[in-house]
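In case you want the letters, here they are:
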Amino acid sequence: MADKQPYLKKMSFWKNLKNQAGSIASLADHIDTAAAEANIRNSIYFRGPNVWILVFSIVIASVGLNVNSIPVIIGAMLISPLLGPIFGIGLGLGINDTGLLKSSLKNILVMMVISLVASLLYFLITPLNLSNPTELLARTNPTIYDVLIALFGGFAGIFELSRKEKGTVFSGVAIATALMPPLCTAGFGLANGNLMYFIGALYLFTINCIFIILATYLTVKYMKFEQHEYKDEKSGKRARRLITIVTVIVIVPSIWSAIVMIRENTFNETVAEFINTNKNLYSGYIMDYKTEHRNGSKVEVYFTGEPLSASEKNNFLESAKEFGLKPEQVIIKEHALGEGTNDGEILKGIYERTDSEITRREAEIKKLEDELKMLHSSEIPFEQITREAVNQYPSIVSLFVARGAEVTSGNFSRHDGLLAVVKTSEPLDEEQNARLTNWLKIRLNIENVTLYEIHVKPQAKSSDEKK
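1. Some remarks on the overall build of the chain
Looking only at helices and strands, the chain features 17 helices and seven strands. A buried classification covers 36% of the 467 residues belonging to the chain. Within the chain, residue pairs in contact and separated by at least 24 positions form 72% of the contacts whose partners lie at least 6 positions apart. Within the structure as shown, the chain displays about 28,400 Å² of accessible surface, and the carbon and sulfur contribution to it stands at 58%.

This is how it looks when you write it as structure tokens:
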């Protein structure tokens, strides 16, 4: 029995921890699904104030995009009524309500058409034409991060609608999911005949809608909203079949789009790393590059300068393999200087290459300077050392000093040190020898000093010197 007590205590601890975590995350006392359903049903209709609010939101968003004003764009996100029917679609799918589903779909389509037409008219008549419309361009190239924002923004929105105590979460959801700016950007694309802007922005709007609907559908199922009851079994089966088809149509493309976007994003990042690594090659350089995903992911690399030889092209393609790029995915485009290329792009490429070359050479010079400083710091001042030694010991005739390493046999350990050979006209005693050795250690800051003394007899003077 005593042996089981630690086990029982351990099990009791984990059980208490599980119960505590469950009570913290429990939604039972904090949600009101009936009130949430009523709120969503009231917000899907496009009539009365919602019509005017949509118009105001379109104008504000279009102006904000036109003047690159982030605060104005955020204001348009907050007042836009587009979220209502989108949550209605998710709710209709979740509770098997075909009537709600049809009404929500009809209203969101009407709102979309009005938004596109109104923004199209605005951008046709506006006299302002920015050379660098960054806020417009930011909504034409959706990434996997937009998928995550829409999905978790949708979760936050339906949780906010379902809880009893309302807060400011819904405002954050409206800003994060950003439905009105992409629609107005699509209108800008139509007004300017820019298909890339239109398709990219409409794609971003579609992603936001689909993943908010998906989050709503899953939450409604999880919170067990009251299911819609049918008049008879036959109509119930038909409605369930219709809802299942719509659910698959909505969910499957969203999952596939997420997979495609992850692949494209990964490819773009790989290409950027590959280009930065191979920016300056041979006698030419990469002026620009462009990725394309329509018929499989590919990258067009624009070279300028002297033409690349066949071996240089092969080396470039082999380098691409190291980054996981296949040779058929890399298309080399060559332009000779002055032959139809954009002068601004060429100058930009020249400056980039020059800056890169200067940076590389500066780094190399700095490295050589550091190495030179190390060599100077380790250089022995032979002449000065000899003068100081002779001044202390007049019998010294010459002094040989060299750095070296002593390698012992057996374990082949190495000991860096200094070898000093002193020639004297009169032998040094043991004390003088020790003092000279210690002086060399201190003077040259080397602990391991080996000193050898060679006694040389003074040469006899010649007869001419005696005279």
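That shown, we press on.
2. Digging into unusual backbone geometry
A positive phi angle, near 60°, is found at N68, a position not held by glycine. Tracing the chain through its elements places N68 in the loop between helix 3 (49–66) and helix 4 (70–79). A positive phi angle is found at K224, which is not glycine, with a value near 60°. Inspection of the secondary structure puts K224 in the loop between helix 11 (195–223) and helix 12 (233–277).

3. A closer look at a positive patch on the surface
A cluster of basic residues, K234, K237, R238 and R241, forms a positive patch on the protein surface. Residue position: K234 is located in helix 12. The class of K234 is exposed, set by a relative accessible area of 66%.

4. Focus on the pattern of salt bridges
A complete count under the given rule lists six salt bridges for this structure. D97 is the salt-bridge partner of R41, the closest N and O atoms lying 2.6 Å from each other. Taken as a pair, R41 in helix 2 (residues 33–43) and D97 in the loop between helix 5 (83–95) and helix 6 (98–125) lie far apart in primary sequence, 56 residues in all. Residues R387 and E383 are paired through a salt bridge, measuring 2.6 Å at the closest nitrogen-oxygen approach. Remark: E383 and R387 occur in helix 15 (residues 382–392); sequence separation between them is four residues, near one turn of the helix. Like R387, the residue E383 is exposed in the burial classification.

5. Topic: the nonpolar core
Among the nonpolar cores identified, the biggest contains 51 residues, and L82 and L179 are the most heavily contacted of them. Of all the elements, helix 11 adds the most residues to this core, at ten residues. Ignoring anything within four residues of it in the chain, the contact list for L179 reads L82, L83, I86, F205, N208, C209 and I212. I396, L399, W439 and V449 belong to the second-largest nonpolar core, a separate cluster that totals 18 residues.

Conventions used here
- Residues numbered from 1 in each chain as written.
- Predicted model: local features only at pLDDT ≥ 70, side-chain atom pairs only at ≥ 80, totals over all residues.
- Heavy atoms only, no water.
- Helix = DSSP H or I, 4+ residues; strand = E, 2+ residues; numbered from the N terminus.
- Buried < 20%, exposed > 50% of the residue type's maximum accessible area, 1.4 Å probe, protein only.
- Contact = heavy atoms within 4.5 Å.
- Areas by Shrake-Rupley, 256 points an atom, 1.4 Å probe, with all protein chains shown as cover.
- Patch = residues over 30% accessible without salt bridge, like charges linked within 9 Å, V, L, I, M, F, W, Y side chains within 5 Å.
- Salt bridge = Lys/Arg side-chain N within 4 Å of Asp/Glu carboxyl O.
- Lys, Arg positive; Asp, Glu negative; His and termini not counted.
- Charge placed at Lys NZ, Arg CZ, Asp CG, Glu CD.
- Core = buried A, V, L, I, M, F, W, Y, C linked by side-chain atoms within 4.5 Å.

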